[in-house]
Amino acid sequence: MTSISIIIPAYNEEKNLSRLLPVLAKQIAKDDEIIIVDSQSTDDTARISAKNGARIISMAKLGIGPARTLGAKSASNPVVAFLDADTEPPDFWVSRIKTHFNDPNVEVVGGLDTYKYDNLIENIMYNSYTWIIHLWGLFIYKTIGNCWVPSNNSAFLKRVFLNAGGYRNLIAEDGDMALRLRPKKAVYDFILKVRFSDRRFKEKGFFRTLVLWAISNAEATLNIRRTDRAVNYRK
């Protein structure tokens with residue numbers, strides 16, 4: 001079975017990594033690896049990562065897209081997978097990705113993002129929205145061949161990811177990547193579902209966050225690169 005490198009960008013994520021890394025450690029095999037790309041954290045991110053067996057790569061605070069790409073370039077394995085630090089993945093996340101890559105034609109796998117939110121109505125609204133986005137990504141792939149998958153719940157053949165240029169310094173780095181990514185075969189797996197915290201909405205507000213994402217995706221489509229926003233943005 002294919003070995004996998006799991007890449008997690010981090011900036012002051014000690015609490016989230018203390019929860020996430022033990023979950024992933026139970027899923028990975030001997031030749032797999034977890035890479036934490038640490039953007040000059042001032043808390044115990046590095047110590048907790050090392051304690052849980054992760055490999056740590058340090059970089060300047062250049063944005064989440066470049067952090068993911070640096071992790072992929074440094075990966076030892078042919079498949080690179082991406083999560084955020086506040087992810088709650090299912091206990092089959094790694095094995096399901098590996099199963100997809102047993103098919104020699106598969107080059108990209110994308111899962112479904114969901115969020116837990118205190119407000120029931122807004123929780124339903126956002127998670128309905130994310131289903132629509134994923135179905136739209138599948139439709140675009142099936143019709144014109146360009147492939148959008150969420151940057152925080154996906155996996156690629158390393159060579160395919162790097163040949164497409166990796167993630168750039170944008171908030172909508174996955175929308176930007178979709179303009180360049182045309183894999184031989186992509187799998188949209190709606191069972192490969194992860195859950196994220198609602199910190200994005202609490203920090204900026206629910207509707208403001210959705211508007212920011214919409215604007216950022218439009219800018220990515222038009223090749224407008226707002227690196228000033230992306231450097232300090234945390235998904």
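What you see is a predicted model, and the numbers here were worked out from it, not measured in a lab.

(A) View of the overall build of the protein. From N to C terminus, the protein includes ten helices and eight strands. Taking all 235 residues of the protein together, the buried fraction comes to 55%. Of the contacts made within the protein by residues no fewer than 6 positions apart, 75% connect residues no fewer than 24 positions apart. If you sum the accessible surface of the protein, you get close to 10500 Å²; carbon and sulfur atoms cover 56% of it.

(B) Spotlight on the packing of aromatic side chains. Overall, the coordinates contain ten aromatic pairs when judged by the stated rule. Aromatic pair Phe82 and Phe161: ring centres 5.1 Å apart, planes at 40°, arrangement tilted. Linking Phe82 in strand β4 (residues 79-83) with Phe161 in helix α6 (residues 158-163), this pair joins segments that are 79 residues apart in sequence. When its relative accessible area of 0% is taken as the criterion, Phe82 is described as buried. A relative accessible area of 0% places Phe161 in the buried class.

(C) Spatial organisation of the environment of Ile140. Summarising the element assignment, Ile140 is placed in helix α5 (residues 120-144). Between the alpha carbons of Ile140 and Ala178 there is a distance of 9.8 Å; along the sequence they are 38 residues apart. Leave out the neighbours within four places in its chain, and Ile140 touches Gly145 and Asn146.

(D) Broad picture of the sheet that holds β4. Pairing is mixed across the open sheet formed by eight strands, whose spatial order is β3-β2-β1-β4-β7-β6-β8-β5. For this open sheet the edge positions go to β3 (55-58) and β5 (87-88), each flanked by a neighbour on one side alone. Here strand β1 (residues 4-10) runs beside β4; their pairing, made up of four bridges, is parallel. Among the inter-strand pairings, Ile4 is bridged to a residue of β4, identified as Val79. Its contacts with the sheet put helix α3 (residues 64-74) on β1, β2 (33-38), β3 and β4, and the angle it makes with β1 is roughly 150°. Of the strands in this sheet, β1, β4, β6 (108-115), β7 (153-157) and β8 (186-196) touch helix α4 (residues 93-101), which is tilted by about 170° from β8.

How each quantity is defined
Along every chain, residues carry numbers that run from 1 in the direction the sequence is written. Only residues with pLDDT of at least 70 are given local features in this predicted model, and only at 80 or more are side-chain atom pairs given and counted; all residues enter the totals for whole chains, interfaces and linings. Side-chain numbers come from the whole structure's heavy atoms, not from hydrogens or water. Helix numbers and strand numbers start at the N terminus; a helix is a DSSP run of H or I with at least 4 residues, a strand a run of E with at least 2. Only protein chains enter the accessibility calculation, which uses a 1.4 Å probe; a residue whose area is less than 20% of its type maximum is buried, one above 50% is exposed, and one in between is partly exposed. Residues count as neighbours in contact if any of their non-hydrogen atoms are within 4.5 Å of one another. Using the Shrake-Rupley algorithm and a 1.4 Å probe, accessible areas are obtained, with residue cover drawn only from the displayed protein chains. Centres within 6.5 Å are what make two rings of Phe, Tyr or Trp a pair, Trp counting through its six-membered ring; a difference in plane orientation under 30 degrees is then read as stacked, over 60 as edge-to-face, and the rest as tilted. Between any two strands, pairing holds if DSSP finds at least two bridges. Axis angles are defined between N-to-C directions and span 0 to 180 degrees, where every axis is a line fitted to C-alpha atoms and, for a helix, only to the segment in contact.

On their own, these measurements won't tell you what the molecule is for.
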